[in-house]
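# A closer look at the structure
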Amino acid sequence: MTALLVQNLLSVSTGRPPVLDIPETLACIPALIVGIYTKDLMKIVVTGIIAIALIRLFI
């Protein structure tokens, strides 16, 4: 699970070091908080989807 998360949070270009994708990282924060409190996968996924949608809407 960690490998999938890190793969989606980093952008890798040839000849350059990996760069952290800020919108995806910001969307992980509320999903992580919901995951810690509820431990319910459906709530975590829905929170992550809503968070990234709102971030993309406003950025």
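For clarity, every value in this text was computed on a predicted model and none was experimentally measured.

### Comments concerning the overall build of the chain
What the chain contains, in helices and strands, is 3 helices and 2 strands. Ordered by position in the sequence, the α and β elements of the chain form the string α-β-β-α-α. If you line up the chain on its principal axes, its C-alpha atoms span 40 × 30 × 15 Å. Looking at the chain as a whole, 15% of its 59 residues are labelled buried. Within the chain, counting contacts between residues at least 6 apart in sequence, those at least 24 apart form 22% of the total. If you sum the accessible surface of the chain, you get close to 4,900 Å²; carbon and sulfur atoms cover 73% of it.

### Some details on the packing of helix 1 (residues 2-9) against helix 2 (residues 22-38)
Packing of helix 1 against helix 2 leaves a shortest axis separation of 8 Å and a crossing angle of 140°. Between helix 1 and helix 2, the crossing angle belongs to the class labelled oblique. Seen from helix 1, the contacting residues are L5, N8 and L9; seen from helix 2, they are E24, T25 and C28. Among the residues making up the contact of helix 1 with helix 2, the classes are represented as 3 nonpolar, 2 polar and 1 charged.

### Regarding a nonpolar patch on the surface
A surface patch of nonpolar side chains, amounting to about 1,200 Å² of accessible area, comprises L5, V6, L10, V12, L20, I22, L26, I29, L32, I33, I36 and Y37. Sorting the residues of the nonpolar patch by element identifies helix 1 and helix 2 as the ones contributing at least two each. The greatest single-element share of the nonpolar patch, amounting to 7 residues, is contributed by helix 2. On the basis of relative accessible area, L32 is assigned to the exposed category, the value being 56%.

What counts, and at which threshold
- Residues numbered from 1 in each chain as written.
- Predicted model: local features only at pLDDT ≥ 70, side-chain atom pairs only at ≥ 80, totals over all residues.
- Heavy atoms only, no water.
- Helix = DSSP H or I, 4+ residues; strand = E, 2+ residues; numbered from the N terminus.
- Buried < 20%, exposed > 50% of the residue type's maximum accessible area, 1.4 Å probe, protein only.
- Contact = heavy atoms within 4.5 Å.
- Areas by Shrake-Rupley, 256 points an atom, 1.4 Å probe, with all protein chains shown as cover.
- Axes fitted to C-alpha atoms, helices over the stretch in contact; angles between N-to-C directions.
- Parallel < 35°, antiparallel > 145°, perpendicular 65-115°, else oblique.
- Nonpolar A, V, L, I, M, F, W, Y, C, P; charged D, E, K, R; others polar.
- Patch = residues over 30% accessible without salt bridge, like charges linked within 9 Å, V, L, I, M, F, W, Y side chains within 5 Å.
- Salt bridge = Lys/Arg side-chain N within 4 Å of Asp/Glu carboxyl O.

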